[in-house]
Amino acid sequence: MKLGGSTLLDQLYWTVNPGEQWAITGPSGSGKTVLAHTLLGTHFHTGSISTAIRRIGIVEQQHRFRNRPGSTSLYYQQRFNSSDADQTITVGQELREYAGWEGQPDQWLDGLHISPLLNKPLIQLSNGENKRVQLGIALLNKPELLILDNPFLGLDTEGRATLHAIINNLAARGMQILLITSPNELPASITHVGRLAGGRWTFSGPRADFHPDDSKEDARLDPVQLQELRAQLEQTADFGIAVKMVNTTIKYGKATILDNINWEVRKGECWNVSGPNGAGKSTILSLITADNPRAYANEIWLFDRRRGTGESIWDIKRKIGFVSPELHLYFDSSASCMEVIASGLFDTIGLFRPLSDEQETLTLRWMQLLSLKDLRHKRLPQLSTGQQRMVLLARALIKNPPMLILDEPCRGLDEEQTAHFRQLIDTLCRAFTTTLIYVSHYTQELPGCVDHFLRLDKGRIVE
């Protein structure tokens, strides 16, 4: 199977027997998602696929929200703006558009923990809530085969345990499962595993015979390239306190999202922010990145200056490199990788001006350092999810900002990419005394420079 001139699946032979529950693993770009969409019939391919299964459902990695009919287009900051957040439809309105919704018993909703979400706007869902709603939509179509594309990404410990239980329950009820996942996230019901690399099987068989591939390349940075970047980049921002929040509280209607937050981040400190899905992590980041207008109603200091004292949003964004799993949903699908990365120089979601020779050289150097140079002319949708993540990481790093805010930056990356990125962030933060706020549920993903920790639960700071 080819796409854009590249071979994505190569002479693949595979048989799935009734009752088998399969997990597909492999590095980023190996063809896992392409295989899923080929089974769905959305990719042209040579060879033949024969199946007795009539209905196939899929839960994608990414879900694009829909606005109410007649309202304006979605924009990135919308979920934090109370006057516009209700322009998206609610969970209940989304579900009612699917046949069979009205006849579902209450225990069906309770089993997926959807009942409390019915009146909530889709755009305000946490990662875990969003994943459960997607799963509910897929199940309403009563699929005989359910494909789950990396459903555990971005879920906290409780969310992952809940999803394991749901998958095992579906398998026990006779539904056939195809799970695209890390080899470290295999529910008990999985009976067979396939590992892809370069569009070919490197293993395909019973789970008992599967052993994760422990051979990884050394994720060292090229010292020459790094030294060139050090010579070209410098940080001139002069401040003592990067972030200070005093009794910060955020409410939407009757819901309290942040409750009396007192937090200070000094220049050069490296923090991990953690907590269960829905704890308020995205909201606290939005106050720092100038994407949440509620900052003006609280005492919040950024780079030694209180919000609302005359600084512009762009004054703040100029000092911050930011990446989050949701951010790339808002990029133009026709943009090339080089254009997406270069847009980080201007803090825009898209490139709207020509690059100087110096800016183009800098962009190419970052692409080289992150092994992206061969992708410079490719569009984001032509890349695997892991490659898209690396492109957005390069966008956040390109201007060497005095503060990096990385919201689950390794979501979708394979282990080798994650190791490479961890070392890169650790090296840069130590070399440039960069302030770091790093959101992750996984302590093994944290760079070695992280030595401060903030944990949130239900909008409050907890020990």
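These numbers were taken from a predicted model, which means no experiment stands behind them.

A.B. asks: For this particular structure, what's the right way to read the sheet that holds strand β14 (residues 320-323)?
C.D. replies: Whether parallel or antiparallel, the strands of a sheet pair through hydrogen bonds between backbone atoms. If you trace the six strands from one edge of the open sheet to the other, you get β14-β15-β16-β11-β17-β18, paired in mixed fashion. For this open sheet the edge positions go to β14 and β18 (460-462), each flanked by a neighbour on one side alone. Geometrically, the sheet is characterised by an average inter-axis angle of 20 degrees between neighbouring strands, direction not taken into account. Relative to strand β15 (residues 403-407), β14 is paired through four bridges, and the arrangement is parallel. For F322, the partnering residue across the bridge sits in β15 and is I405. Contacts from helix α8 (residues 281-288) reach β11 (270-274), β14, β15, β16 (435-439) and β17 (452-457) within the one sheet, and its direction differs from that of β15 by about 155 degrees. Across the sheet, helix α12 (residues 385-397) is in contact with β14 and β15; its angle to β14 comes to roughly 170 degrees.

A.B. asks: Mind showing me how you'd approach the packing of α12 against helix α13 (residues 415-432) here?
C.D. replies: When two helices pack together, their arrangement is captured by the angle between the axes and the distance separating the axes. Contact geometry of α12 with α13 gives a least axis separation of 12 Å together with a crossing angle of 5 degrees. In this view, α12 runs roughly parallel relative to α13, as classed from their interaxial angle. Residues G386, Q387, M390, L393 and L397 of α12 lie in contact with α13, whose contacting residues are Q417, F421, L424, I425 and L428. Of the residues belonging to the contact of α12 with α13, the class tally is seven nonpolar, three polar and no charged.

A.B. asks: For this particular structure, what's the right way to read the side chain of T418?
C.D. replies: With respect to the secondary-structure elements, T418 resides in helix α13. Contact partners of T418, with chain neighbours within four places excluded, come to C410, L413 and E445.

A.B. asks: So what exactly am I meant to see when it comes to unusual backbone geometry here?
C.D. replies: Phi is mostly negative for residues that are not glycine, and the peptide bonds are mostly trans. Positive phi values are uncommon outside glycine, yet N260 reaches one of about 60 degrees. Tracing the backbone through its elements, the reader meets N260 in strand β10 (residues 255-266). For N260, a relative accessible area of 42% corresponds to the partly exposed category. Of note, S371 is a non-glycine position whose phi angle comes to about 60 degrees, a positive value. Note on placement: S371 falls in the loop between α11 (357-369) and α12. Looking at S371, the relative accessible area reads 63%, which means it is exposed.

A.B. asks: So what exactly am I meant to see when it comes to the side chain of D426 here?
C.D. replies: For D426, the location among the structural elements is in helix α13. Judged by relative accessible area, D426 falls into the buried class, the value being 17%. Polar contacts involving the side chain of D426 include one to the side chain of R430, which spans 2.9 Å. Residues within four places of D426 in sequence aside, it is in contact with P447, G448 and C449.

A.B. asks: So what exactly am I meant to see when it comes to the sheet that holds strand β9 (residues 241-252) here?
C.D. replies: As summarised here, the arrangement of the four strands in space is β10-β9-β12-β13, forming an open sheet in which the pairing is antiparallel. Each having just a single partner strand, β10 and β13 (305-306) make up the two edges of the open sheet.

A.B. asks: How should I be thinking about a nonpolar patch on the surface in this particular structure?
C.D. replies: Taken together, the side chains of Y296, I313 and W314 make up a nonpolar region of the molecular surface, amounting to roughly 310 Å² of accessible area. Relative to the helices and strands, W314 is located in helix α9 (residues 313-317).

A.B. asks: Is there a simple way to explain the nonpolar core in this structure?
C.D. replies: General note: in soluble globular proteins, nonpolar side chains tend to be found buried as a group. Ranked by internal contacts, the top residues of the largest apolar core, which has 74 residues, are W263, I288 and L436. For this core, the element with the highest residue contribution is α12, accounting for seven residues. What L436 contacts, discounting residues up to four positions off in sequence, is E269, C270, W271, L404, L406, I425, C429, P447, C449 and V450.

A.B. asks: It is not clear to me how helix α1 (residues 32-40) should be interpreted in this structure. Could you clarify?
C.D. replies: For α1, every residue scored as buried is listed here: K32, V34, L35, A36, H37 and T38. Those residues of α1 that are buried are in contact with β3 (22-25), β4 (56-59), β5 (145-149), β6 (176-180), β7 (192-197) and β8 (200-206). Downstream of α1 by one or two residues, G41 has phi in the positive range, about 90 degrees.

A.B. asks: What is the right way to read the packing of aromatic side chains from this model?
C.D. replies: Within a pair of aromatic rings, the relevant descriptors are the distance that separates the centres and the angle that separates the planes. Under the counting rule described, the total for this entry stands at five aromatic pairs. Ring plane angle 50 degrees and centroid distance 5.5 Å describe the contact between F203 and F210, whose orientation is recorded as tilted. On the basis of relative accessible area, F210 is assigned to the buried category, the value being 8%. Relative to W271, the ring of W263 lies with its centre 5.5 Å away and its plane at 80 degrees, an arrangement referred to as edge-to-face. Here the two residues W263 and W271 agree in accessibility, since each one is buried. Looking at K267, its charged tip hangs above the ring of F239, at a distance of 5.2 Å from the centre. Over the aromatic face of F303 sits the side chain of K319, whose NZ or CZ is 5.6 Å from the ring centroid.

What counts, and where the lines are drawn
- Residues numbered from 1 in each chain as written.
- Predicted model: local features only at pLDDT ≥ 70, side-chain atom pairs only at ≥ 80, totals over all residues.
- Heavy atoms only, no water.
- Pairing = 2+ DSSP bridges.
- Helix = DSSP H or I, 4+ residues; strand = E, 2+ residues; numbered from the N terminus.
- Axes fitted to C-alpha atoms, helices over the stretch in contact; angles between N-to-C directions.
- Contact = heavy atoms within 4.5 Å.
- Parallel < 35°, antiparallel > 145°, perpendicular 65-115°, else oblique.
- Nonpolar A, V, L, I, M, F, W, Y, C, P; charged D, E, K, R; others polar.
- Buried < 20%, exposed > 50% of the residue type's maximum accessible area, 1.4 Å probe, protein only.
- Polar contact = N/O pair within 3.5 Å; in protein donor to acceptor, adjacent residues only side chain to side chain.
- Patch = residues over 30% accessible without salt bridge, like charges linked within 9 Å, V, L, I, M, F, W, Y side chains within 5 Å.
- Areas by Shrake-Rupley, 256 points an atom, 1.4 Å probe, with all protein chains shown as cover.
- Salt bridge = Lys/Arg side-chain N within 4 Å of Asp/Glu carboxyl O.
- Core = buried A, V, L, I, M, F, W, Y, C linked by side-chain atoms within 4.5 Å.
- Phe/Tyr/Trp six-rings, centres within 6.5 Å; stacked < 30°, edge-to-face > 60°.
- Lys NZ or Arg CZ within 6 Å of the ring centre and 35° of its normal.

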